[in-house]
Amino acid sequence: MFNPERPPEIAAQRWLNSDKKRTLKAEKGKVVVVAIWQLLCPGSQKFGLPQAMRLRSAFEEDEVAVFGLHMPFEKFAEQTPDKVEAFLNENGITIPVALDKPDGENLPETMKAYELQGTPALLIFDRQGRLRRHYLGAVDDVRLGAEVMALLIEDKDSPREMSVALERKLAAALVDPEAHHHHEHGEACGCGHDHSHDHDHAHEHGHHHHHGHDHGHDHEHGHDHGPAHGEPGHVHGPGCKH
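Residues numbered from 1 in each chain as written. Predicted model: local features only at pLDDT ≥ 70, side-chain atom pairs only at ≥ 80, totals over all residues. Heavy atoms only, no water.

**Q** Go over the packing of helix H4 (residues 141–153) against helix H5 (residues 160–173) with me, naming the residues and quoting the values.
**A** Between H4 and H5, the least distance of the axes is 10 Å, while the angle of their chain directions is 155°. Considering the angle they form, H4 stands roughly antiparallel to H5. In terms of crossing hand, the pair formed by H4 and H5 is right-handed. Residues Ala146, Glu147, Ala150 and Ile153 of H4 lie in contact with H5, whose contacting residues are Met162, Leu166 and Leu170. Looking at the contact of H4 with H5 residue by residue, the classes come out as six nonpolar, no polar and one charged. (Axes fitted to C-alpha atoms, helices over the stretch in contact; angles between N-to-C directions. Helix = DSSP H or I, 4+ residues; strand = E, 2+ residues; numbered from the N terminus. Parallel < 35°, antiparallel > 145°, perpendicular 65-115°, else oblique. Left-handed = near helix turned anticlockwise from the far one by under 90°. Contact = heavy atoms within 4.5 Å. Nonpolar A, V, L, I, M, F, W, Y, C, P; charged D, E, K, R; others polar.)

**Q** Which residues make up the pairing of strand S5 (residues 121–125), and what values go with them?
**A** Burial analysis of S5 places five of its five residues in the buried class, the great majority of the element. The two faces of S5 match: Ala121, Leu123 and Phe125 on one face and Leu122 and Ile124 on the other face are all buried. Note: strand S2 (residues 31–37) against S5, five bridges, orientation antiparallel. In the strand pairing of S5, Val34 is matched with Leu123. In the sheet, S5 pairs with strand S6 (residues 131–136) via five bridges, with the strands oriented antiparallel. Within S6, the position partnered with Ile124 by the bridge is Arg133. Remark: five residues form the turn of the hairpin made by S5 and S6, two consecutive strands paired antiparallel; Gly129 in that turn has positive phi of roughly 85°. (Buried < 20%, exposed > 50% of the residue type's maximum accessible area, 1.4 Å probe, protein only. Pairing = 2+ DSSP bridges.)

**Q** Explain the sheet that holds S2 to me, using residue names and the numbers behind them.
**A** Spatially, six strands are ordered S1-S4-S3-S2-S5-S6 in an open sheet, and the strand pairing comes out mixed. A single partner strand is all that each edge strand has here, and the edge strands are strand S1 (12–16) and S6. On average, each strand axis in the sheet is inclined to that of its neighbour by 20°, with strand direction left out of account. Where S2 lies against strand S3 (residues 64–70), seven bridges are found, and the strand directions are parallel. Bridge pairing in S3 links Ile36 to Leu69.

**Q** Now, about the packing of helix H1 (residues 42–58) against H4: what can you tell me, with residues and values included?
**A** The contact between H1 and H4 brings their axes to 11 Å, and the two run at 40°. Considering their axes alone, H1 and H4 lie oblique with respect to each other. In the packing of H1 onto H4, the handedness of the crossing is right-handed. From H1, Gln51, Arg54 and Leu55 reach across to H4, where they touch Asp141, Leu144 and Val148. For the contact of H1 with H4, the per-class residue count stands at three nonpolar, one polar and two charged.

**Q** Talk me through the environment of Ser18; I want residue IDs and the actual numbers.
**A** Within the element layout of this structure, Ser18 appears in the loop between S1 and S2. Taking the C-alpha atoms as reference points, Ser18 and Ala98, 80 residues apart in sequence, are found 9.1 Å from one another. A polar contact is formed between the side chain of Ser18 and the backbone oxygen of Lys20, at a distance of 2.8 Å. A distance of 3.4 Å separates the side chain of Ser18 from the side chain of Arg22, its partner in a polar contact. (Polar contact = N/O pair within 3.5 Å; in protein donor to acceptor, adjacent residues only side chain to side chain.)

**Q** Quick one: what's the story with the pairing of strand S4 (residues 97–100), residue by residue and with numbers?
**A** Successive residues of a regular strand alternate their side chains across the two faces of the sheet. The side-chain alternation of S4 yields two buried faces, one formed by Val97 and Leu99 and the other by Ala98 and Asp100. By the bridge criterion, four bridges tie S1 to S4 in an arrangement that is antiparallel. What sits directly across from Trp15, in S4, is Ala98. The handedness of the S3 to S4 crossover, carried by helix H2 (residues 81–90), is right-handed. (Right-handed = clockwise from strand over helix to strand, strands pointing away.)

**Q** Can you lay out H1 for me, pointing to particular residues and giving the numbers?
**A** If you check H1, its first and last C-alpha atoms are 24 Å apart, about what 17 residues at 1.5 Å a residue would give, namely 24 Å. For H1, the principal kink sits at Gly48 and spans about 25°; a proline, Pro50, occurs within the next four residues. Among the residues making up H1, those that are buried are Gly43, Ser44, Gly48, Leu49, Gln51, Ala52, Leu55 and Arg56. If you follow the buried residues of H1, they end up packed against S2, S3, H2, S5 and H4. (Expected span 1.5 Å × (residues − 1). Bend = angle between axes of the 7 residues up to and from the residue.)

**Q** Account for the packing of aromatic side chains, naming residues and giving values.
**A** Centre-to-centre distance and the angle between the planes together describe a pair of aromatic rings. As enumerated under the stated definition, the model contains four aromatic pairs in all. Measuring from ring centre to ring centre gives 5.4 Å for Trp15 and Phe67, while their planes differ by 75°; the resulting arrangement is edge-to-face. Here Phe67 lies in strand S3 and Trp15 lies in strand S1, a separation of 52 residues in the sequence. When its relative accessible area of 2% is taken as the criterion, Phe67 is described as buried. (Phe/Tyr/Trp six-rings, centres within 6.5 Å; stacked < 30°, edge-to-face > 60°.)

So far we have only geometry, and geometry alone does not tell us how the molecule works.
In structure tokens, the structure reads:
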């Protein structure tokens, strides 16, 4: 079972925009944000990657590490490493980008290890290397900035009680963007997720959460996949209907 207290490493076949292999272990002590995208996902191009670049420019690199993870799960011939590299160069994307490692089947290794469901997505890790957020779909800049700042307040050896207190403060202060948009998956969803898969993980923070959004405070909600392809909030998943 996936354990956000001890998340797996990024399984990269190659890193772009970096002269060395990057690891989550080496980045401990920083807040780490990983923007997950794929070349054929309009939402990744319009929102995910530009937001990652804005985040990179807003925080010092010795405090916040920002990576990209290219996670192709379809049409592999159209999303080769050379094409990804050309896209990054043409669009001025300079953050280090990992190319998820193929497993010889349909889904790449990091996608399976983290039980990721589509793109764009965000993973946010605290200074201790724990996965604190997994967002599926577009995230508001203000919310993302507030959550990164909250995690920066914690030290790499902060007691668990401080993490719990900060999560409660965030939960009280930030409006849950999906609190009033409960969505039941059905045949018309079209996002291609495996809806029978259980994303419910409990970890040692003493919190209960649904994987896919908040690893910090109690809430249960579904995902609204109503927006059109490439619009804010649209999630591109395996089998997504274009």
